[in-house]
Amino acid sequence: MDQRRSAADGDTLTHGRTANTAGSRAGFRAEEGFEDRFDDEDYPAYSMGAAAEMLGVSPTFLRALGAAKLIEPKRSGGGHRRYSRYQLRLAARARELVDQGTPVEAACRIIILEDQLAEALRINNARDRPAGH
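In what follows, the accompanying structure is described. Here the residue numbers are simple positions, counted from 1 along each chain's written sequence. For a predicted model such as this one, the threshold for reporting local features is a pLDDT of at least 70, and the threshold for listing and counting side-chain atom pairs is 80 or more; totals across whole chains, interfaces and linings nevertheless cover every residue. Working from all heavy atoms in the structure, the side-chain values ignore hydrogens and water.

**Re the sheet that holds strand E1 (residues 46–47)**
For clarity, the threshold we go by: Note on pairing: two strands pair once DSSP finds at least 2 bridges between them. Runs of E in the DSSP output that reach at least two residues are strands. Runs of H or I that reach at least four are helices, and both are numbered from the N terminus.
As summarised here, the arrangement of the three strands in space is E1-E3-E2, forming an open sheet in which the pairing is antiparallel. Edge strands, defined here as strands with exactly one partner in the open sheet, are E1 and strand E2 (74–75). Two strands pair when backbone bridges link them, and E2 and strand E3 (residues 81–83) are joined in this way by two bridges, in the antiparallel orientation. Across the sheet, residue arginine 75 finds its bridge partner in E3, namely arginine 81.

**Some remarks on the packing of helix H3 (residues 59–67) against helix H4 (residues 85–99)**
Let me state the cut-off plainly: Working convention: axes come from line fits to C-alpha atoms, limited for helices to the stretch in contact. Angles between N-to-C directions cover 0 to 180 degrees. Here the angle decides the label: under 35 degrees means roughly parallel, over 145 means roughly antiparallel, 65 to 115 means roughly perpendicular, and every other value means oblique. Any two residues whose heavy atoms approach within 4.5 Å are treated as being in contact. Note on residue classes: Ala, Val, Leu, Ile, Met, Phe, Trp, Tyr, Cys and Pro are nonpolar, Asp, Glu, Lys and Arg are charged, and everything else, Gly too, is polar.
In the contact formed by H3 and H4, the axes pass within 11 Å of each other and the chain directions differ by 100°. Between H3 and H4, the angle is such that the two are roughly perpendicular. Only Ala91, Ala94, Arg95 and Val98 of H4 make contact with H3, whose side of the interface consists of Phe61, Leu62 and Leu65. Its residues placed into classes, the contact of H3 with H4 shows six nonpolar, no polar and one charged.

**Description of the packing of helix H2 (residues 48–55) against H4**
Definition in use: For a crossing to be left-handed, the near helix must be turned anticlockwise from the far one by less than a right angle; the clockwise case is right-handed.
The contact between H2 and H4 brings their axes to 10 Å, and the two run at 45°. For the element pair H2 / H4, the angle class is oblique. Note that H2 runs across H4; the crossing there is right-handed. In this structure, H2 contributes Ala51, Met54 and Leu55 to the contact, and H4 contributes Leu88, Ala91, Ala92 and Arg95.

Laid out in structure tokens, this is it:
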């Protein structure tokens, strides 16, 4: 089950397939589906430093989001945090809320609730659509 969909049960919003991030780039090319990872929003492609720079935040902010159970980065073979594009979108939303004065923990809870609402609406819309459309 997608962890993002089970946030109400206390899980984090991270989701996706397990990926081996320990190999070198050459090692990734030898694996099946290397090209698919470019489009995979769940692939943990970004280091903490790169993620922080892209978002304009500090690594401490990203660790705080992890402590608040909003995102849980994958770990490379060397133990370094790796973030997916999906996780970066959640972190960017958290930054928006924090910049508006919302405490980090409250921002994380808001994002979890927003995600649950979006999923419920998606399920309802899919159920309401006639089969074959």
